[in-house]
Amino acid sequence: MIIDGHNDLVLRTWREQETKHVDLASAEAADFAGGFFALWVPGAPGAMDEPVLAPYNLPLEPRLPHAHAAVVAQEQLAVFRSLGLPLATSPADFVPGRVTAILHMEGAEALDSMLTDLVGWYRDGLRSLGLVWGRPNAFAEGVPFRFPGSPDTGPGLTTAGLRLVEACNDLGILVDLSHLNERGFWDVAGITTAPLVATHSNAHALCASTRNLTDRQLDAIGESGGVVGINFAVGFLREDGNNVVDTPLGEIVRHISYIAKRIGVEHVAFGSDFDGALVSDEVGGIQGFPAIVAALAEAGFDEGDIAKITHGNWLRVFGATWR
Ligand code: ZN
């Protein structure tokens with residue numbers, strides 16, 4: 001059973017585009033049991049596309065107006081519901097043979113900074129919140145897309161951001177650290193009562209993108225009992241940072257092996273970024289999961305390790321975070 005840390009099927013459906021990677025009709029054959037389905041409010045068209053070849057250094061996107069973001073997020077919530085997938089509110093909701101969806105918000109700009117609407121979102125099923133995407137908002141600041149580059153790119157959480165983390169802890173909403181800059185990461189680590197989670201990020205030691213996690217960040221995630229979902233975006237996997245689909249699937253295994261060796265196999269999982277990123281031709285979409293699992297076995301991970309990576313680690317973290 002595969003549980004995955006990030007996909008953008010809702011965004012593509014909201015844009016009335018065909019899915020590239022998350023073909024739900026092939027879910028059962030791929031053993032794909034769902035995971036995080038993101039709501040994400042776009043800014044200027046095309047601004048999110050990283051250049052094909054590294055090095056590159058994109059500016060931070062400008063802030064989004066809250067009122068606009070709130071409207072788009074509601075539209076995307078309606079799209080999420082129209083997919084007709086069972087909503088995840090407990091680890092037990094994930095069972096083989098069906099696709100279960102975690103309602104995840106990527107970037108909190110749709111939330112009012114006084115947090116008056118957070119409980120409403122929780123009631124609507126929100127169980128995971130990424131504080132930022134690659135821009136600043138009322139709560140924190142994301143990293144700009146840069147290669148090579150350190151994730152230490154800007155200021156940490158605002159007072160509203162610190163309050164938001166506390167409110168998420170109280171409600172049992174998972175706080176996602178992917179896209180957050182390093183100061184923000186440490187601010188969350190300093191106050192949260194839940195395991196630290198990066199749903200779709202990789203090892204900075206292997207691919208020096210601002211989007212990836214330094215060894216110190218990985219160590220903190222491991223010590224907290226948390227998890228890193230490995231992002232299949234080739235630009236966040238490859239040592240050269242290039243966004244080219246002619247990339248071996250083994251790059252995913254390379255990051256999983258590195259993180260498992262450094263902080264333990266209990267702290268690494270999948271976070272594909274399907275339908276939101278450029279992935280290897282050898283992976284292609286959810287239908288590529290069995291080949292990745294086979295490559296993990298070939299790399300020496302035993303059955304118990306693979307069960308942790310594919311779903312066990314995610315389920316443990318959901319159990320420790322959700323109420
Ligand atoms: Zn993302």
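Scroll up to find the structure this text is about.
Just so it is clear, the model here is predicted, and its values are computed rather than measured.

(A) Main features of the nonpolar core. Counting residues in each nonpolar core, the largest one holds 80 residues, and the members touching the most others are L131 and L164. Excluding residues that lie within four positions of it along the chain, L164 makes contacts with A108, L111, L115, L118, L129, L131 and F139. If you look at the next biggest cluster of nonpolar residues, it comprises 16 residues, including M1, F94, I102 and V317.

(B) Looking closely at the coordination of the zinc ion. Coordination of the zinc ion by the protein is provided by E106 (OE), H179 (NE2) and H200 (NE2), with metal-donor distances spanning 2.0 to 2.1 Å. Of note, the zinc ion draws all its donor residues from one chain, in the sequence arrangement E-x72-H-x20-H. In this pair, H179 sits in the loop between β7 (174-176) and α6 (182-191) while H200 sits in the loop between β8 (197-198) and α7 (215-223), placing the two residues 21 residues apart along the sequence. Each member of the pair, H179 together with H200, is buried.

(C) Up close: the packing of helix α9 (residues 289-298) against helix α10 (residues 303-321). Relative orientation of the contacting elements α9 and α10 amounts to 145°, with a least axis distance of 10 Å. Between α9 and α10 lies a crossing whose hand is right-handed. Here α9 contributes V293, L296 and A297 to the contact with α10, which in turn contributes I306, I309 and T310. Looking at side-chain class alone, the contact of α9 with α10 contains five nonpolar, one polar and no charged residues.

(D) Geometry of the pairing of strand β5 (residues 126-130). Here β5 lies mainly inside the structure; five of its five residues are buried. Here four bridges tie strand β4 (residues 100-106) to β5, and the two strands are oriented parallel to one another. Among the inter-strand pairings, H104 is bridged to a residue of β5, identified as S128. This β-α-β element, β4 to helix α4 (residues 118-123) to β5, shows right-handed connectivity. Strand direction decides the pairing type here: β5 and β7, joined by three bridges, are parallel. Note that in β7 the partner of S128 across the bridge is L174.

(E) Spotlight on the packing of aromatic side chains. Taken as a whole and assessed by the stated rule, the structure comprises 15 aromatic pairs. Between F36 and W314, the aromatic rings sit 5.0 Å apart at their centres with planes inclined by 55°, giving tilted as the arrangement. Here the residue F36 occupies a position in strand β2 (residues 32-39), and W314 occupies one in helix α10, the gap between them amounting to 278 residues. Taking relative accessible area as the criterion, W314 reaches 0% and is therefore assigned buried. Arranged with centres 5.5 Å apart and planes meeting at 55°, the rings of W133 and F145 form a pair that is tilted. Here W133, found in the loop between β5 and β6 (146-147), pairs with F145, found in the loop between β5 and β6; they are twelve residues apart in sequence, far enough to count as distant. Taking the relative accessible area as the measure of exposure, F145 reaches 7% and is therefore buried. Counting every residue linked through ring pairs, the aromatic cluster contains F32, F232, F270, F274 and F289.

Rules of the game
Residues numbered from 1 in each chain as written. Predicted model: local features only at pLDDT ≥ 70, side-chain atom pairs only at ≥ 80, totals over all residues. Heavy atoms only, no water. Core = buried A, V, L, I, M, F, W, Y, C linked by side-chain atoms within 4.5 Å. Buried < 20%, exposed > 50% of the residue type's maximum accessible area, 1.4 Å probe, protein only. Contact = heavy atoms within 4.5 Å. Donors = N, O, S within 2.8 Å, 3.2 Å for Na, K, Ca; no water. Helix = DSSP H or I, 4+ residues; strand = E, 2+ residues; numbered from the N terminus. Axes fitted to C-alpha atoms, helices over the stretch in contact; angles between N-to-C directions. Left-handed = near helix turned anticlockwise from the far one by under 90°. Nonpolar A, V, L, I, M, F, W, Y, C, P; charged D, E, K, R; others polar. Pairing = 2+ DSSP bridges. Right-handed = clockwise from strand over helix to strand, strands pointing away. Phe/Tyr/Trp six-rings, centres within 6.5 Å; stacked < 30°, edge-to-face > 60°.

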